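The chain contents come next:
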Amino acid sequence: MSFTVNPLSPVLGVEITGLDLAQPIGENLASDIRQCWLDAGGLLVLRDQRLTTEQHIQFSRLFGPLFGAPGEIPLQETVSRYLHPDHREIYRVSIQLENGTPRGRAGAGTYWHSDVSFKSRPAAASILHAIEIPDCGGDTIFCNMTAAYEALSDAMKEMLAPLRAHNDFAQTAATQFAKPVVVEDDLTGANHAVHPVVRSHPETGRKSLFVTPGNTTGLENFSADESVVLLGFLYDHATQPEFCFRHRYRQGDVVMWDNRSLMHYAVCDYGDQPRYMERTTGIGEKPA
Ligand code: OGA
Ligand code: MN
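How each quantity is defined
- Residues numbered from 1 in each chain as written.
- Chains lettered and ligands numbered in written order.
- Predicted model: local features only at pLDDT ≥ 70, side-chain atom pairs only at ≥ 80, totals over all residues.
- Heavy atoms only, no water.
- Helix = DSSP H or I, 4+ residues; strand = E, 2+ residues; numbered from the N terminus.
- Rg over C-alpha atoms; globule rule 2.2 N^0.38 Å.
- Buried < 20%, exposed > 50% of the residue type's maximum accessible area, 1.4 Å probe, protein only.
- Contact = heavy atoms within 4.5 Å.
- Areas by Shrake-Rupley, 256 points an atom, 1.4 Å probe, with all protein chains shown as cover.
- Lys, Arg positive; Asp, Glu negative; His and termini not counted.
- Charge placed at Lys NZ, Arg CZ, Asp CG, Glu CD.
- Pairing = 2+ DSSP bridges.
- Axes fitted to C-alpha atoms, helices over the stretch in contact; angles between N-to-C directions.
- Donors = N, O, S within 2.8 Å, 3.2 Å for Na, K, Ca; no water.
- Polar contact = N/O pair within 3.5 Å; in protein donor to acceptor, adjacent residues only side chain to side chain.

A word on the overall build of the chain
- Check the secondary structure of the chain and you find 6 helices and 17 strands.
- Relative to its length of 288 residues, the chain is compact, with a C-alpha radius of gyration of 18 Å against a globular reference of 19 Å.
- Overall size of the chain, expressed as C-alpha extent along the three principal axes, is 50 × 45 × 40 Å.
- With 288 residues in all, the chain has 55% of them scored as buried.
- The contacts of the chain with a sequence gap of at least 6 include a subset with a gap of at least 24, amounting to 80%.
- As displayed, the chain offers around 12,700 Å² of accessible surface, 50% of which is attributable to carbon and sulfur atoms.
- One finds the centroid of the 24 positive side-chain charges in the chain at a distance of 1 Å from the centroid of its 35 negative side-chain charges.

Overview of the sheet that holds strand E13 (residues 216–219)
- Reading across the sheet, the 3 strands line up as E10-E9-E13 and stay open at both edges, with antiparallel pairing between neighbours. Both outer strands of the open sheet, strand E10 (192–196) and E13, are each paired with one neighbouring strand and no more. Within the sheet, the average angular offset between the axes of one strand and its neighbour, ignoring direction, is 25°.
- In this structure, strand E9 (residues 164–168) lies alongside E13, joined through 3 bridges in antiparallel fashion.

What about the coordination of the manganese ion (ligand 2)?
- On the protein side, the manganese ion (ligand 2) has His113 (NE2), Asp115 (OD) and His264 (NE2) as donor atoms, found 2.1 Å from it.
- Within one chain, the residues serving as donors to the manganese ion (ligand 2) are arranged as H-x1-D-x148-H. Remark: histidine 264 occurs in strand E16 (residues 262–266) and aspartate 115 occurs in the loop between strand E6 (101–103) and strand E7 (123–132); sequence separation between them is 149 residues. Each member of the pair, aspartate 115 as well as histidine 264, carries the same accessibility label: buried.

A look at the environment of histidine 201
- Its place among the elements puts histidine 201 in the loop between strand E11 (198–200) and strand E12 (207–209).
- Looking at histidine 201, the relative accessible area reads 6%, which means it is buried.
- Each C-alpha atom of the pair histidine 201 and alanine 288 lies 8.2 Å from the other, and the pair is 87 residues apart in sequence.
- A polar side-chain atom of histidine 201 sits 2.7 Å from a polar atom in the side chain of aspartate 258.

What about the sheet that holds strand E8 (residues 140–144)?
- A sheet is described by the order of its strands in space; here 3 strands give the open sequence E14-E8-E16, paired in antiparallel fashion. Looking at the sheet topology across the chains shown, the edges are occupied by strand E14 (244–247) and E16. Strand-to-strand twist in this sheet, taken as the mean axis angle between neighbours without regard to direction, amounts to 20°.
- In terms of strand pairing, E8 meets E14 through 4 bridges, oriented antiparallel. Among the inter-strand pairings, cysteine 143 is bridged to a residue of E14, identified as cysteine 244.

This is a description of form; function is not addressed.
Written out as structure tokens, the structure reads:
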């Protein structure tokens, strides 16, 4: 199988057409796809897919172990009601269930974040299958944290180099969930981690910022006021339009993003229109 690659934006992202992920993917093809993804800054859109949930999982496994898979690290308990009942590695995004039926308004990920960056081994690839999309709206915005890092002054890079930040599910919970739905166990150690503010990508060697409004609570050894100002600067800097790409979905898109080098934001602007996505989440390495 060969495929066609077109850039989606100068700062990040390519689309791939001509591939059918429902077919078996050999090792060579998988490594071509992976390379293409890394070269594109960590954002791939594979167009026109019709995958069963099993095929989606099978494709995702080519890129490493998945959160929630048998014997692997689970996602936090608080989101367990959003997991696929038969496949715990599938997180069902942008859907709220009420008496077992999808209800209109969504809102998962409506803030800048990197998936599960509050875990000691945060996500590598997240792979989202767009099964039902609104006629209009429901885009996802991605921000290239490598480009953002590289655009900083040498003096700022030097200052950031030794810094570490606290990342905590409590922050996510406060942003996204009403307090009573949060499972208390999720607010302890398993969903808190201190990570470097600047991490090096284990595959490309490139450095990126690794702090996010969604999950980062503060800088280690800095006062709260100092953290707010410095993190605020980094967020404003990183989310400038020049570092961002806004993806407008087509039915059947499979979108694969690298949480090690990108932030993303799910735009919740589609009112009661249905939007249904299934996501797998790859277990990454400890950031360094
Ligand atoms: C996610 C997420 C993106 C979207 O799946 O991790 O943040 O647009 N959602 O639904
Ligand atoms: Mn997300």
